[in-house]
Amino acid sequence: METKEKKRIAILGSTGSIGTQALQVIEEHSDLYEAYVLTANNRVELLAEQARRFLPEAVVIANEDKYAELRDALADLPVKVYAGADAICQIVREKPVDVVLTAMVGFAGLKPTISAVEAGKAIALANKETLVVAGDLVNRLAHKYHADIIPVDSEHSAIFQCLAGEVSPIEKIILTASGGPFRTYSMEQLATVTKAQALKHPSWSMGAKITIDSASMMNKGFEVIEAKWLFGVSPEQIQVVVHPQSVVHSAVQFADGAVKAQLGVPDMRLPIQYAFSYPLRLDSSFDRLDLCQVGSLTFEAPDLRRFRNLALAREALARGGNMPCILNAANEVVNRAFLEDRLGFLQMSDVMADTMQKAHYVAEPTYEDYLQTDAEARRIAASCLTRN
Ligand code: NDP
Ligand code: MG
């Protein structure tokens, strides 16, 4: 009997919310997939535990100060141990990896994603910040090096699934949003919400940064930008619709008016698994959707006054160049400040708008420009913080 080669998967950010769920998918389909490389930033203990369980070829800890601790923890295993951000880039470039799941958080995902793309590796893309910051550059490189980019973000996976088998162009994308925990809050209420409230997402359990971004709708703004680059549509072709049940993960409308949607229970393991198995679908033990139990599905237009970040994302997209990179950097600063109780919920938008005004605009940024822009926008946002 013919033995099938397993797909070798590198999980960048294996200790996070997406990373740990990806490992569950690999475990459930261990006949098809192998965790070949695992990486984390700080959490040595969990990374070592994962290495012990999955016996990858190599592990990388981004924070070099943690190298010795990780090396010692894995001394009895045949697992190679590396440290540093550059080691992550090198390993995805050089190792015989089939799929790179980008599940680290923030701008830090840009460089390793580009490294993987330049090596022609297939990307299962969770790290949306990479496309927000440099979608144009990443797309050009992916085209040049024949690297496939398969979305993991649930909405974009839904759109991708709706497009399977279609050859006609998209007329419109309907990007659904849960609306987060503050969907019905007034401006007065939003002014005083706490991080504890923001961290309680009604339908999804995710890492802290994206949970805050979801509460502030920055996440949805980023997803509009992500959709533009993944599916080659104009911003006007992307409609955001608030859908609190999070059952319709997104939809696509075609030239004849037909609308196709993908539905399911909120479980990130499905889009992760689909990104690994595409174009096939595999069995899964995940919960099934029971529409009778759901009862009703509701939809409403987003309120751009209360959720100004959606408007900021549209503005950044319209201005193009390095403006989305400026917005992303400012958001990383305010997101952290909010999590550390240094900034109010509504002030996050003020600081981002200020940073977009003040940072140096570059119409056609290179990779180096993005690095400079990111650093400059972080400095500006940090200085706005101290005045807020
Ligand atoms: P988490 O915060 O849960 O996990 C982040 C992972 O990245 C951890 O493994 C962390 O390591 C690692 N990491 C963090 N910073 C760095 C860095 N500077 N260098 C290298 N590794 C780093 O995040 P999520 O899993 O929630 O999100 C990951 C990405 O997926 C984000 O871009 C998010 O927008 C996207 N996404 C997430 C969804 C979700 O359901 N969670 C849904 C859709 C998209 P350590 O544990 O050591 O800190
Ligand atoms: Mg999403």
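Note: the structure precedes this text.
Residues numbered from 1 in each chain as written. Chains lettered and ligands numbered in written order. Predicted model: local features only at pLDDT ≥ 70, side-chain atom pairs only at ≥ 80, totals over all residues. Heavy atoms only, no water.

Asker: Would you mind showing me how to read a nonpolar patch on the surface here?
Answerer: Together, Leu263, Leu291, Leu297 and Phe299 make up a nonpolar patch on the protein surface, roughly 330 Å² of accessible area in all. Mapped onto the elements, Leu297 comes out in the loop between α13 (291-294) and α14 (308-319). The exposure class assigned to Leu297 is partly exposed, which follows from its relative accessible area of 30%. (Patch = residues over 30% accessible without salt bridge, like charges linked within 9 Å, V, L, I, M, F, W, Y side chains within 5 Å. Areas by Shrake-Rupley, 256 points an atom, 1.4 Å probe, with all protein chains shown as cover. Salt bridge = Lys/Arg side-chain N within 4 Å of Asp/Glu carboxyl O. Helix = DSSP H or I, 4+ residues; strand = E, 2+ residues; numbered from the N terminus. Buried < 20%, exposed > 50% of the residue type's maximum accessible area, 1.4 Å probe, protein only.)

Asker: Would you mind showing me how to read the state of the cysteines here?
Answerer: Counted under the stated rule, the structure contains 0 disulfides. Free of any disulfide, Cys325 has its nearest cysteine sulfur in Cys384, 16 Å distant. Owing to a relative accessible area of 0%, Cys325 belongs among the buried residues under this scheme. (Disulfide = S-S within 2.5 Å.)

Asker: So what exactly am I meant to see when it comes to the packing of helix α11 (residues 218-231) against α14 here?
Answerer: Packed helices, taken two at a time, are described by the angle their axes make and the gap between the axes. Taken N-terminus to C-terminus, the directions of α11 and α14 make an angle of 30°; their axes are 7 Å apart at the nearest point. Judged by the angle between their axes, α11 and α14 are roughly parallel. In this structure, the crossing between α11 and α14 has a hand that is right-handed. Taking contact as the criterion, the partners of Met218, Lys220, Gly221, Phe222, Val224, Ile225 and Lys228 in α11 are, on α14, Asn309, Leu310, Ala313, Arg314 and Leu317. Grouping the constituent residues of the contact of α11 with α14 by class yields 7 nonpolar, 2 polar and 3 charged. (Axes fitted to C-alpha atoms, helices over the stretch in contact; angles between N-to-C directions. Parallel < 35°, antiparallel > 145°, perpendicular 65-115°, else oblique. Left-handed = near helix turned anticlockwise from the far one by under 90°. Contact = heavy atoms within 4.5 Å. Nonpolar A, V, L, I, M, F, W, Y, C, P; charged D, E, K, R; others polar.)

Asker: Teacher, can you tell me more about the pattern of salt bridges here?
Answerer: Working definition: two side chains of opposite charge can pair if their charged atoms are close together. Taken as a whole and assessed by the stated rule, the structure comprises 24 salt bridges. Beyond isolated ion pairs, a larger network of salt bridges with shared partners links Lys128, Asp153, Glu155, Lys220 and Glu223.

Asker: I tried to follow the site of ligand 1 on my own but got confused; where do I start?
Answerer: Taken together, 24 residues sit near ligand 1, with Thr15, Ser17, Asn42, Arg43 and Glu129 positioned nearest. In the model, an oxygen atom of ligand 1 is placed 3.3 Å from a nitrogen or oxygen of the Gly13 main chain. Gly16 places a polar main-chain atom, nitrogen or oxygen, 3.2 Å from an oxygen atom of ligand 1. Contact with the protein chains removes 87% of the 890 Å² of surface that ligand 1 exposes when unbound. (Near = heavy atom within 4 Å. Polar contact = N/O pair within 3.5 Å; in protein donor to acceptor, adjacent residues only side chain to side chain.)

Asker: Please clarify how the packing of aromatic side chains should be interpreted in this entry.
Answerer: The relative placement of two aromatic rings is captured by the distance of their centres and the angle of their planes. As enumerated under the stated definition, the model contains 7 aromatic pairs in all. Arranged with centres 4.8 Å apart and planes meeting at 50°, the rings of Phe160 and Tyr278 form a pair that is tilted. With Phe160 in helix α7 (residues 154-163) and Tyr278 in the loop between α12 (269-277) and α13, this residue pair connects regions lying 118 residues apart in the sequence. You can call Phe160 buried: its relative accessible area is 17%. One aromatic cluster is present, built from ring pairs that chain together Phe182, Tyr185, Phe338 and Phe345. Between Lys228 and the ring centre of Trp229, over which it is positioned, the NZ or CZ distance is 4.7 Å. (Phe/Tyr/Trp six-rings, centres within 6.5 Å; stacked < 30°, edge-to-face > 60°. Lys NZ or Arg CZ within 6 Å of the ring centre and 35° of its normal.)

By themselves, these figures tell us nothing about what the structure is for.
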